[in-house]
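# Coordinate inspection notes
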Amino acid sequence: MTPSLSLDTTAFEPVPIAPGAAPRLFVIVDTEEEFDWNAPFSRGNISVRAIRHVDRLQRVLSRYKITPTYVVDFPIASQPDGFDVLKALADDGQARIGAHLHPWVNPPFTEDVTTRNSFGCCLGEALETKKIEVLQAQIAQSFGRVPAVYKAGRYGFGPTTAAALEALNFSIDVSINPQMNFTAQGGPSFEAFDTTPCLFGQRRRLLEIPCSTGYAGVAGAFSPMLHRMMDHRVLKPTRAIGVMSRLHIVNKIMLSPEDSTLAEMKMLTRALLRKGVRTFSLTMHSPSVEPGCTPYVRTAADLSAFLDRITAYCDFFFGDVGGTSSTPEDFFESLEDSRQEQCS
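As a starting point, this report considers the structure included with it. Residue indices begin from 1 for each chain and proceed along its sequence in written order. Reporting of local features is limited, given that this is a predicted model, to residues whose pLDDT is at least 70; pairs of side-chain atoms are given and counted only at 80 or more, and all residues count toward the totals for whole chains, interfaces and linings. Calculated side-chain values reflect all of the structure's heavy atoms, with hydrogen atoms and water omitted.

## A word on the pattern of salt bridges
Put simply, the test is: For this document, the term salt bridge refers to a Lys or Arg side-chain nitrogen within 4 Å of an Asp or Glu carboxyl oxygen. Secondary structure elements follow DSSP: runs of H or I of four or more residues count as helices, runs of E of two or more count as strands, with numbering from the N terminus. Residue exposure (1.4 Å probe, protein chains only): buried if accessible area is under 20% of the type maximum, exposed if over 50%, otherwise partly exposed.
Summed over all chains, the structure comprises 11 salt bridges. One salt bridge in this structure joins lysine 151 and aspartate 30, with 2.9 Å as the shortest N-O distance. One end of the pair, lysine 151, is in strand E5 (residues 149-152); the other, aspartate 30, is in strand E2 (residues 24-31), and 121 residues separate them in sequence. A relative accessible area of 5% places aspartate 30 in the buried class. In this structure, glutamate 329 engages arginine 96 in a salt bridge whose closest nitrogen and oxygen atoms are separated by 3.5 Å. Of this pair, glutamate 329 sits in helix H10 (residues 328-343) while arginine 96 sits in strand E4 (residues 96-101), and the two are 233 residues apart along the sequence. You can call glutamate 329 buried: its relative accessible area is 13%. For arginine 96, a relative accessible area of 26% puts it in the partly exposed group.

## Points about the packing of aromatic side chains
Quick note on the threshold: Pairing of aromatic rings covers Phe, Tyr and Trp, the last counted by its six-membered ring, and requires centre-to-centre distances within 6.5 Å; plane angles under 30 degrees mean stacked, over 60 mean edge-to-face, and any other angle means tilted.
Tallied over the entire structure, the rule returns 19 aromatic pairs. Ring centres 4.5 Å apart and planes at 50 degrees place the aromatic pair phenylalanine 41 and tryptophan 104 in the tilted group. In this pair, phenylalanine 41 is assigned in the loop between E2 and helix H1 (55-63) and tryptophan 104 in the loop between E4 and helix H4 (125-143), connecting sequence segments 63 residues apart. Among the residues examined, phenylalanine 41 registers a relative accessible area of 23% and is labelled partly exposed. A relative accessible area of 4% places tryptophan 104 in the buried class. A ring pair is formed by phenylalanine 280 and phenylalanine 317, whose centres lie 5.6 Å apart and whose planes are at 70 degrees; its orientation type is edge-to-face. Of this pair, phenylalanine 280 sits in strand E11 (residues 279-285) while phenylalanine 317 sits in helix H9 (residues 300-320), and the two are 37 residues apart along the sequence.

## Quick notes on the packing of helix H8 (residues 262-274) against H9
This is how the line gets drawn: Fitting a line to C-alpha atoms yields each axis, with helices limited to the stretch in contact; the angle taken between N-to-C directions then spans 0 to 180 degrees. An angle below 35 degrees is read as roughly parallel, one above 145 as roughly antiparallel, one from 65 to 115 as roughly perpendicular, and any other as oblique. If you view the pair so one helix is near and one far, a crossing is left-handed when the near helix is turned anticlockwise from the far one by less than a right angle, and right-handed when it is turned clockwise. Throughout, a contact is declared for two residues whenever any of their heavy atoms are within 4.5 Å.
For the pair H8 and H9, interaxial distance at closest approach is 10 Å and the crossing angle is 30 degrees. Overall, the two elements H8 and H9 adopt an arrangement that is roughly parallel. As for the relative orientation of H8 and H9, their crossing is right-handed in sense. Here Leu262, Met265, Lys266, Thr269 and Arg270 of H8 come into contact with H9, specifically with Arg309, Ala312, Tyr313, Phe316 and Phe317.

## Thoughts on the pairing of strand E3 (residues 69-72)
Operational definition: By this definition, two strands are paired if DSSP reports at least two bridges between them. For a crossover, the right-handed case is the one in which the path from the first strand over the helix to the second runs clockwise, viewed with the strands pointing away from the viewer.
Burial of E3 is two-sided: the residues Thr69 and Val71 facing one way and the residues Tyr70 and Val72 facing the other way are all buried. In the sheet, E2 pairs with E3 via four bridges, with the strands oriented parallel. Bridged to aspartate 30 within E3 is valine 71. Crossover connection from E2 via H1 to parallel E3: handedness right-handed. Relative to E4, E3 is paired through four bridges, and the arrangement is parallel. When the bridges of E4 are listed, valine 72 appears paired with alanine 99.

Take a look at the structure:
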């Protein structure tokens, strides 16, 4: 039976945040093996050489006293070349470690390697849960700490994922990518979600911190509908989405230095702030620290520009915006402390 990928939005309770609260910035790094993004998925892609250069990113973040969360997948967690440098950072308090599932390189290997099966939520509850459990145990063994934060590779989060995280005692998920739709590849759709942090869970409450993806432009409240219309396959040859973006009518932006410009990241941040958003997730992939390992950073010049965008955005966020750095765990603990105060 094909598992349902439809998330019941009513099962996610928005977290109330005071309008005057200082904006928080989380940095989430999808920490994974290198592979050809244009080739089919393969169980043989387990090289983790790029992570030796993570200091290039860490130096920038440390300048702003940011503690990033490296969500690591199985190839990273199971090879000393992958976890040694990150364990040293975590042991020194400079980083947090979470879990990141790439099903095709994460045992047990019982499913066919297909595009649909690259989304963990498509595997069925038993297999998805087992893969996350194996990953969790490997992280505990390699890093000496049990991860509290989970991020599904390729945003493969569905009802079975939520059940697995609750059963395996995770506290926080950072998988949901608002306004994105992956159904054309057999994956989930998050078009019904926005960037608001939420609580979910049947027997205990877990925290969802969505990716910071949203709309900017003069279309305002009509942005989602207009963008979906322009994204229709009939209009794709006209490149209508690009035209709308250049005209500042509607632009769907993800807060990432990889596929967004500095101007776009600032534009998105201001748009979300006007809506009352106070939590922001800056996301990227660990192989981008080495030229040639992702489509976003192909050359030394690309790498320099990538790091410069992170620097300039941090200057903006901590300067113009007046924001503060945080981690998912710290935010979760602050919510728990607040809840206990209200109950006492």
